[in-house]
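Understanding the architecture of this molecule
Each chain, written out:
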Amino acid sequence: MSIYFNISKFPHDPILGLTEEFNKDPRKIKLNLGVGVYLDEDGKIPVLNSVAAASNIIFDLFKNRGGYLPIGGVTKHTELVKTLLLGAERSINSHNKLTTVQALGGTGGLRLGAELLKRVIPSTSVYISNPSWENHRNIFEAAGFPVKEYPYYNPENNSLNMADYLDTLRHVPSRSVIVLHACCHNPTGIDPSKAQWTEILNVFKEKGHIPFLDLAYQGFNGTVEEDAEVVRLFSESLETVFIANSFSKNMSLYGERIGACTVSAANTKDQQKILSHLKNIIRGIYSSPPSFGQQIVSQILEKDNLRNQWEEELKHMRSRIVRIRNSLFLQLQEKNLNLDLSFIKKQKGMFSYSGLSAQHVDKLKYDYGIYVLSSGRICMAAINDSNLEYVAESIASVLEGS
């Protein structure tokens with residue numbers, strides 16, 4: 001008898017499985033608007049000029065490369081990441097309470113933090129927004145936590161359900177772990193305002209909740225400084241904060257798996273314990289992090305000319321998404337659908353929670369070759385001038401037929 005008789009086959013991942021289905025589609029006209037990847041005007045993953053310049057520097061140094069990186073990554077690199085998260089002006093005082101290790105992308109940063117939390121507060125529950133990125137639940141359940149939800153999205157007017165959000169946070173058990181999207185909420189594209197973030201923070205103070213901030217899209221709403229404001233607000237106001245950040249999107253380094261896990265502590269003794277446990281977790285999973293992506297990120301964050309070039313390229317990326325949002329809204333508006341679709345313009349980041357039902361999504365896929373997540377999440381960064389009209393006509397068609 002096979003040793004695997006007592007396990008069942010898992011269903012396809014809702015995002016990566018959609019891509020597999022898309023790749024098998026033989027139609028010439030087809031679009032994948034489901035996967036969370038920034039594509040340029042030509043529908044390709046861009047190689048940023050700043051990344052190319054950094055790569056050339058690294059290639060020149062390649063002959064003098066070392067062996068394995070330290071378990072937690074290169075200290076100089078992790079210090080640069082801290083400065084990116086906290087800002088140069090605040091870094092001197094704030095760095096002392098943060099421990100940062102390199103991780104395998106933002107997903108790896110979340111998993112490292114989840115494993116550490118399971119060691120230090122094993123009986124708590126983890127709360128994710130409803131809806132949230134599909135992998136959040138998987139990551140924390142795999143670490144052994146019960147994962148529950150807090151209200152976030154109001155489908156009646158495509159807005160933040162702030163009242164129920166705060167009420168739930170006030171009534172869940174104290175010292176719960178709450179996963180927060182620091183900017184560009186995935187999948188809705190709806191972020192709290194500054195005033196609302198302050199209200200949320202006040203509940204954390206009252207209840208002693210532990211925030212786990214997921215910063216996967218720094219620079220896709222505002223500048224990298226602006227998009228780090230929520231991280232800075234929480235890290236300066238609370239003793240315990242967990243942060244996972246990623247360079248997959250904002251440096252277009254998807255396959256290099258470069259991110260970080262950052263954890264705060266009030267004293268040096270706790271910091272030393274945190275670092276030792278994070279290293280122990282890393283050692284038991286993948287031993288040490290990869291070097292190439294780390295070197296690219298370090299070169300860009302360290303050298304002013306590359307940093308400035310990167311931020312200009314990132315500005316172009318987010319500006320293009322805003323332009324596509326506005327253009328899609330205008331084209332849909334011209335279809336006279338008798339629907340208020342203005343929320344498309346107000347959403348932030350790469351995604352739009354479009355309001356399309358699962359039936360709409362199926363029709364888009366089967367009739368028009370447009371692949372969208374069953375939740376209706378559309379990757380705006382996958383739309384460009386050459387396919388915009390087709391996307392708008394297809395969406396209008398399925399909405400008119402419902």
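This text goes with the structure placed above it.
Residues numbered from 1 in each chain as written. Predicted model: local features only at pLDDT ≥ 70, side-chain atom pairs only at ≥ 80, totals over all residues. Heavy atoms only, no water.

1. Describing the sheet that holds strand 4 (residues 147–151)
- The seven strands lie next to each other as 2-10-9-8-7-3-4, forming an open sheet whose pairing is mixed. The two strands at the open ends of the sheet, each matched to only one other strand, are strand 2 (98–103) and strand 4. Across the sheet, the mean angle separating the axes of adjacent strands is 25° when strand polarity is ignored.
- Set on the sheet, helix 5 (residues 105–120) makes contact with strand 2, strand 7 (177–181), strand 8 (210–215), strand 9 (242–246) and strand 10 (259–264); between it and strand 9 the angle comes to about 160°. (Pairing = 2+ DSSP bridges. Helix = DSSP H or I, 4+ residues; strand = E, 2+ residues; numbered from the N terminus. Axes fitted to C-alpha atoms, helices over the stretch in contact; angles between N-to-C directions. Contact = heavy atoms within 4.5 Å.)

2. Considerations on the environment of Arg137
- Among the structural elements, Arg137 can be located in helix 6 (residues 134–142).
- Note on Arg137: relative accessible area 26%, which makes it partly exposed.
- The residues touching Arg137, leaving out its near neighbours within four places in the chain, are Ile128, Val147 and Glu149. (Buried < 20%, exposed > 50% of the residue type's maximum accessible area, 1.4 Å probe, protein only.)

3. Topic: the packing of helix 3 (residues 75–86) against helix 11 (residues 292–302)
- Contact geometry for helix 3 and helix 11: axes closest at 10 Å, N-to-C directions at 55°. Between helix 3 and helix 11, the crossing angle belongs to the class labelled oblique. Two packed elements cross with a definite hand, and for helix 3 against helix 11 that hand is left-handed. For the pair helix 3 and helix 11, the contacting residues are Lys76, His77, Leu80, Val81 and Leu84 in the first and Gln294, Val297, Ser298, Leu301 and Glu302 in the second. (Parallel < 35°, antiparallel > 145°, perpendicular 65-115°, else oblique. Left-handed = near helix turned anticlockwise from the far one by under 90°.)

4. What to know about the packing of aromatic side chains
- Taken as a whole and assessed by the stated rule, the structure comprises 10 aromatic pairs.
- Here the aromatic rings of Phe140 and Phe212 are separated by 5.7 Å at their centres, their planes lie at 85°, and the arrangement is edge-to-face. Here Phe212 lies in strand 8 and Phe140 lies in helix 6, a separation of 72 residues in the sequence.
- Given the relative accessible area of 0%, Phe140 is considered buried.
- Between Phe212 and Phe242, the aromatic rings sit 5.5 Å apart at their centres with planes inclined by 40°, giving tilted as the arrangement. On the criterion of sequence distance, the pair formed by Phe212 in strand 8 and Phe242 in strand 9 is long-range, its members being 30 residues apart. Across the pair, Phe242 and Phe212 agree in class, each one buried.
- Clustering of aromatic rings is evident, with ring pairs tying together Phe140, Phe212 and Phe242.
- When the ring centre of Phe145 is taken as origin, the NZ or CZ atom of Lys118, which lies over that ring, is 4.9 Å away.
- Looking at Arg377, its charged tip hangs above the ring of Phe351, at a distance of 3.8 Å from the centre. (Phe/Tyr/Trp six-rings, centres within 6.5 Å; stacked < 30°, edge-to-face > 60°. Lys NZ or Arg CZ within 6 Å of the ring centre and 35° of its normal.)

5. Let's talk about the pairing of strand 4
- In this sheet, strand 4 lies alongside strand 3 (residues 126–130) in parallel orientation, the contact comprising five bridges. The residue bridging Tyr127 from the neighbouring strand is Lys148, located in strand 4.
- Taken together, strand 3, helix 6 and strand 4 form a β-α-β motif whose crossover is right-handed. (Right-handed = clockwise from strand over helix to strand, strands pointing away.)

6. Structural notes on the pattern of salt bridges
- Under the defined criterion, the tally for this structure stands at 14 salt bridges.
- For Glu302, the salt bridge goes to Lys76, with nearest N and O atoms at 2.6 Å. Pair noted here: Glu302 is in helix 11 and Lys76 is in helix 3, with a separation of 226 residues, a long-range link.
- On the accessibility criterion, Glu302 (36% relative accessible area) is partly exposed.
- Between Glu229 and Lys194 there is a salt bridge, and its shortest N-O distance comes to 3.7 Å. Of this pair, Glu229 sits in helix 9 (residues 229–237) while Lys194 is found in helix 8 (residues 194–207), placing the two residues 35 residues apart along the sequence.
- On the basis of relative accessibility, which here comes to 63%, the residue Lys194 falls in the exposed class.
- The network of salt bridges with common partners includes Glu225, Arg232, Arg307 and Glu311. (Salt bridge = Lys/Arg side-chain N within 4 Å of Asp/Glu carboxyl O.)

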